[in-house]
Amino acid sequence: MTEEFSQSLTPPVSPLSSTSDPSCEPTRFRPPPRFSCASAQDGSDPASLSSEGYMEKGTMKRLLLRLDPAPADYEEDTVEIFGFPWVTETALVESTKILFGLLRQKLFRLEALVQASSHDFGQAGSLHYEAEDLRQQCVLFLQYVKVFLHRYLEASSGPEDGPSHPYEEQEAQLPSALLEELFGLTLLIGRLKDLPANLQSALTMQNQGKIFPPAWHLLHLHLDIHWSVLEVLHLLGQKMHGQVVYAHQFVNLTGENLTDCSLFEAHLCGLLCDLTGLAMGKYSKVRPTEALSFWSYMNQLLQPLVMGRPPAEQYAGLPAHCKDPLGFTWWLVTHLAELGRYSRNGKPHGERQLEANWSFVEDLLKTTCNPRDPLPEEQVRMHVLCCLSLCLQWGPSTAAVSTLWDYYSRNLSAPFSVPWLGVSGLGTVCRTPLALLEHARDCCNPAPLRSPGHTQLYRSATSFHIFLRVLGLCLAQDSGSGAPRRQMKGRIYSKFSAKKMQDLSEAGLMHFLLLFMVVARQVELEDVAGRACELLGHLPATCSPGHRSLVWRGQLALLLLFQERSLDVGAQASWLASSFNETAKEFYDKTTEASRRLALWGPLGSYLEGVAEVFETSASLALSEEKLLSEGFDWLLPACRQSELNSALSFLQIVLSQLRSPGPGAGRALSRVTGSGDPVRGPCRRRGDRRVFLSLRGFSRRTAVCVTHVTPPVRGFTLLAFDLPSSAPHDLQPGPVQSIMLCFGWDDMLHPLLVTRYLPHLLQNRYTSSRTGTPPPEQNRYTSSRTGTPPPEQVHLLQNSELVSALSSGPGSAVSGSGQALSVRAWFRCVLQQHLYKNPDGSDSRAGRAAEEQLAELTRLVLRLPDVDALLQRAGLQPPAGKQEPNPALELFIKAVGRVYGGLQVLSERSAMVGRALDYMGDVLKYIKPYLVSKNQEGMQLAYWAVGCVVKHWSPLLATSKAQQLLFRIVDGLLLPHSLTQQHDRALRSSLPLYLQGLSVACSVSQSQGVYLKKQLCTVIGRYLDHFLPATPSTAAVANHPVLLGVCESSPSPRGAGLRRTTLQVLCDRFLQFKVHAPPPRLLSLLAFLLELLRRNGDTDPLLLTVPLPSLLRCVMLALQLVVERCSASSSPEPCGQMISVLRTFVEENEGVYERLVYSALETVAILDPRVVGELVPNLSAYKKLLAHLGESGQAETVSLDQD
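So, here is what we can say about the structure in this document.

What counts and what doesn't
Residues numbered from 1 in each chain as written. Predicted model: local features only at pLDDT ≥ 70, side-chain atom pairs only at ≥ 80, totals over all residues. Heavy atoms only, no water. Helix = DSSP H or I, 4+ residues; strand = E, 2+ residues; numbered from the N terminus. Buried < 20%, exposed > 50% of the residue type's maximum accessible area, 1.4 Å probe, protein only. Contact = heavy atoms within 4.5 Å. Areas by Shrake-Rupley, 256 points an atom, 1.4 Å probe, with all protein chains shown as cover. Salt bridge = Lys/Arg side-chain N within 4 Å of Asp/Glu carboxyl O. Axes fitted to C-alpha atoms, helices over the stretch in contact; angles between N-to-C directions. Parallel < 35°, antiparallel > 145°, perpendicular 65-115°, else oblique. Left-handed = near helix turned anticlockwise from the far one by under 90°. Nonpolar A, V, L, I, M, F, W, Y, C, P; charged D, E, K, R; others polar. Disulfide = S-S within 2.5 Å. Pairing = 2+ DSSP bridges. Phe/Tyr/Trp six-rings, centres within 6.5 Å; stacked < 30°, edge-to-face > 60°.

Check the secondary structure of the protein chain and you find 58 helices and 2 strands. When burial is assessed residue by residue, the protein chain has 50% of its 1204 residues classed as buried. Contacts in the protein chain between residues at least 24 apart in sequence constitute 77% of all its contacts with a sequence separation of at least 6. With the model as given, the accessible surface of the protein chain reaches about 55,600 Å², and the carbon-plus-sulfur share is 53%.

Below is the structure:
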């Protein structure tokens, strides 16, 4: 090559160096088009074509339109190729061999890089950029060849006379020379199928980035060269105007003809075969889910492949081995059809560019569906998915759909599962009628081609479901006569008979239902539904519960479709209700085995869920939906177990909420009609109301005491009775609301959790839940609408005054007491029993926490009842703002009742108030009895405190003849039990003062039983004074004695003085009494108690203060006598020195202040032991009276004093 690059005046070495004159510097061009399979790096649509490719750059379009391949390039005088400047208009003519030689050098260099490349990541970047530069130079040269041919090559008109310019001779030889170079180039690079494995593997690179190995660049350069050879030969044929170009030198050397046409045909056929072979190799290594992303080529090659015949002679290079020829053919045909989505410039186009090829595809379908050679589901699924893709591009084919239906009609009971996919395809199982309808809707509206919904169908749908999408497209064809649809419908009908229906498995029955749902959506609904019912009637009456569930699910799905089109559902509903009744009776029958009952709940539960969907999706409930609520519920509800009952009651809640809904376009506030009291409702709704009342009537009492899930349906039941009192059953008349609330809210035997969940929803001024709010915690999956709308009772505005008025003034002969009083009593009981549901360790149980939350809301609402609010205002009390805690609110209410009663003067008003108070409180001892039995510490403390508040604040009320029996029971049951436990001690220590204060007042106001109450009060004081008094004096024990706390007050009052007088009397009569000379037990503690009582109270009444005086004097006298006598006896005959010392100190310390008291005390001692006091004479000054008791010594001292 050295001589080829010797110095000359022609390029590549120009007489003007590129650096000597900047104006001669070659122009840099835009990158020419080239093949690329790299993923888009800019986040664009992965389905779009490569921005570097021939289609996207418009090269193909320009080629077909015979336009300049690169109109904006190669406009300068020189062009840089392979690093050298060349004259643009003459380089290819003058240096053909040199340029192609340089191309071969670059190709060899790139191959060397491939051989030398390693896995060293440090060199990956440099190798990539070097390989990319080599490929870019080669592609740029090929682009230059195409531009040169288009611009400068002209066909020779024949030999001319006279000498010609050497350049003209070279130009005339250019076509032949170019043909030889192209032929040599094809021989150099060889066939694609012969490429080494390391190059072919570059087609399947994963995790592509911006850096590629040299093998990737070399492989794509081979593709660029193969395609460029075809382009150059095509341009050459255009420029030669049909003249055949011969490779003269090749012909002379080998004797074989080589023309541009023969080279083009041979190269094209070889290229097509190689690409097909590479695709076959790739297809054999992937699963169908991956195989749907490759392009294919013309189907002329595929017919022999499918039929197993050898290909035509021009396609002799097609590989003979293929794992799945049929699947490969489907794949290629589908992707070849997708080329019609693009226009000539590579942009997606709305119009179809390729004609449909249904004749070939229908032959493929016949092969796929051949019963003699059945294919596994994984292959059939891919083939049907390809057929769906073709339908989306070409439009459906009735013949193709008929072929598919023949196949599936024979295999309707097959599972159509792919083992290696696992459970990924189970998402198509329709568990509810609405899901079945939605699935049918999806089948009738398949996802667009290449969308995620379409590409995932292989994994998410069976081949039968994909076929339904093809069927939906076929039935949706808009043909004027409708003959294709009728023809297809007839073919579907003809495949079913009584025998075939009885042979269907559960999977087959589901396929049958889904098939008819798709047909019903696309053609005459009434006809298809009637035919489906007729065919389902062929199923045996003793079919399995699974079959029964599917039948009801399908029927309800058809019913939903009727609703969607605003058609009456009476006929279908009656058929379903009759079948449901029979199953419910069998479920109720006591002779039915447990296993059979368990199996029957499957279809019964499906029926409940489906009917709930019907009611929730109905726009007006005016299409005879109420016929689904048959008398079968009378059999079903009593036979349900706990879990089954929850589902049944949740279903009733949905039905009740929908029946109460005014319907679309109406406000949520109840529109009432003057006179009748019922809103305007259609006959269908009224029949549904009565059916629900009848279903719940005999069942209400059984569920009222044991199931908290009953709250939502009963709440709706009550509101429905409030809206429609005339439609309630006769046994609830004349006041259905009061009767229902008595059963579910006011009965003393009801679970507090049920009451606290039930009453707030009926008493609140306004339901706080909004359409975007969270449903109450007791709701389960039935309680929220499928459309996201909460039940109407949560968003309905219900005025408290309206309901309370109905409860208070409505006809309620069956109810004793007003509704408000009964609501207060229920709240009173719930507050008292709030600790019943603690865990054994004392922590809150789940039920306890739920009751606490609901009780706070009930407390807030009870305090806002008109009667309660009036009491609070008359008493001058107001509840605190914010959250209402139950215990403080209960104390506030008790105080209010007591104050209001105390302010009444008229006897009739006071008597009425006593009755109201007793109604408010109820049988309080029965409410707290569980605490007394279980010894629940928190519960006992609450019970004693609450009843103590009642005794204290209602004492005048309880002393009346109406209420005194309750007071006697309280004293006997709580204050004077047979035995006192540790829990009693703790409870009474904090609440006993309340009882003492209240009983003291009751004693003073009672007219008939005052003496008895006074006796009981004394008994209580005596019992607990003794019970809580310590054995030895203790400052803390005495200071916190419950009796002491009860009798003490900061400012003396007549009521407090009376209680203290009684306490002092009990103290003196029972505890400060001496037996002969023996002191009472715990005398020091008693004296400490008495001292503390007198010290804390500033009483000045002598009658009160002198009550303990005799006992105290008696105690002092007897105690002093005992001490002196024993000390004298122990020291006889001499006086007791220790006593003398003590008395001397006593005199010295107290004589100056308490002189009279000192001598009075010594006088007593002198009577008992004169010798001791005689020793104290020198220490005394005024003691004449004392000396009279001292005999001679005393007389002598008296004379001496007189003389002084």
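Counted under the stated rule, the structure contains 30 salt bridges. Among the ionic pairs, Arg1096 bridges to Glu1092, the shortest N-O distance being 2.9 Å. Remark: Glu1092 and Arg1096 occur in helix 51 (residues 1083–1096); sequence separation between them is 4 residues, near one turn of the helix. A relative accessible area of 15% means that Glu1092 is categorised as buried. Sharing partners across several salt bridges, the network here consists of Glu438, Arg441, Arg521 and Glu564.

The subject of this paragraph is the packing of helix 3 (residues 96–116) against helix 5 (residues 166–189). The geometry of helix 3 relative to helix 5 is characterised by a closest axis approach of 10 Å and an angle of 15° between their N-to-C directions. By the angle class used here, helix 3 and helix 5 are roughly parallel. For the crossing formed where helix 3 meets helix 5, the hand is right-handed. Contact residues: Thr96, Lys97, Phe100, Leu103, Arg104, Leu107 and Phe108 in helix 3; Leu174, Ala177, Leu178, Glu181, Leu182, Leu185, Leu188 and Ile189 in helix 5. Residues belonging to the contact of helix 3 with helix 5 are distributed by class as follows: 11 nonpolar, 1 polar and 3 charged.

Moving on, we get to the state of the cysteines. This structure, assessed with the given rule, holds 0 disulfides. Here Cys1018 stays unpaired: no disulfide links it, and the sulfur of Cys1003, its closest cysteine neighbor, is 7.7 Å away. A relative accessible area of 16% means that Cys1018 is categorised as buried. Of all cysteine sulfurs, the one in Cys1127 lies closest to Cys1136, which takes part in no disulfide; the gap is 4.7 Å.

Two elements, strand 1 (residues 78–81) and strand 2 (residues 84–87), share 4 bridges in a ladder whose sense is antiparallel. From the neighbouring strand, Val79 faces strand 2, where its bridge partner is Trp86. Connecting strand 1 to the antiparallel partner strand 2 that follows it, the hairpin turn spans 2 residues, and Phe82 within it adopts a positive phi of roughly 55°.

This part covers the packing of aromatic side chains. Enumeration according to the criterion identifies 33 aromatic pairs in this entry. A ring pair is formed by Phe82 and Phe141, whose centres lie 5.4 Å apart and whose planes are at 40°; its orientation type is tilted. Remark: Phe141 occurs in helix 4 (residues 121–152) and Phe82 occurs in the loop between strand 1 and strand 2; sequence separation between them is 59 residues. Pairing Phe464 with Phe467 gives two aromatic rings, centres 6.0 Å apart and planes at 45°, and the pair type is tilted. Pair noted here: Phe464 and Phe467 are both in helix 19 (residues 463–475), with a separation of 3 residues, about one helical turn. There is no split in this pair, since Phe464 and Phe467 are both buried.

What follows concerns the environment of Glu169. As for its position among the elements, Glu169 is in helix 5. According to the relative accessible area criterion, Glu169 is partly exposed, its value standing at 46%. C-alpha separation for the pair Glu169 and Val93, spaced 76 residues apart in sequence, amounts to 9.6 Å.

Before going further, it helps to examine the side chain of Thr88. Looking at where Thr88 falls in the secondary structure, it is placed in the loop between strand 2 and helix 2 (91–94). Relative accessible area serves as the criterion here: at 1%, Thr88 is assigned to the buried category. Apart from the residues within four sequence positions on either side, Thr88 is in contact with Tyr74, Glu76, Asp77, Thr78, Val79, Tyr144, Phe148 and Tyr152.

Turning our eyes to something else, we now look at the packing of helix 26 (residues 594–617) against helix 27 (residues 632–639). Following both chains from N to C, one finds helix 26 and helix 27 inclined at 125°, their axes separated by 13 Å at the closest point. It follows from the interaxial angle that helix 26 and helix 27 lie oblique. The element helix 26 and its partner helix 27 pack so that their crossing is left-handed. Judged by residue contacts, Arg597, Trp601, Leu604, Tyr607 and Leu608 of helix 26 engage Phe633, Leu636 and Ala639 from helix 27. Residues that form the contact of helix 26 with helix 27 fall into these classes: 7 nonpolar, no polar and 1 charged.

Keep in mind that these numbers describe shape and distance, not what the molecule does.
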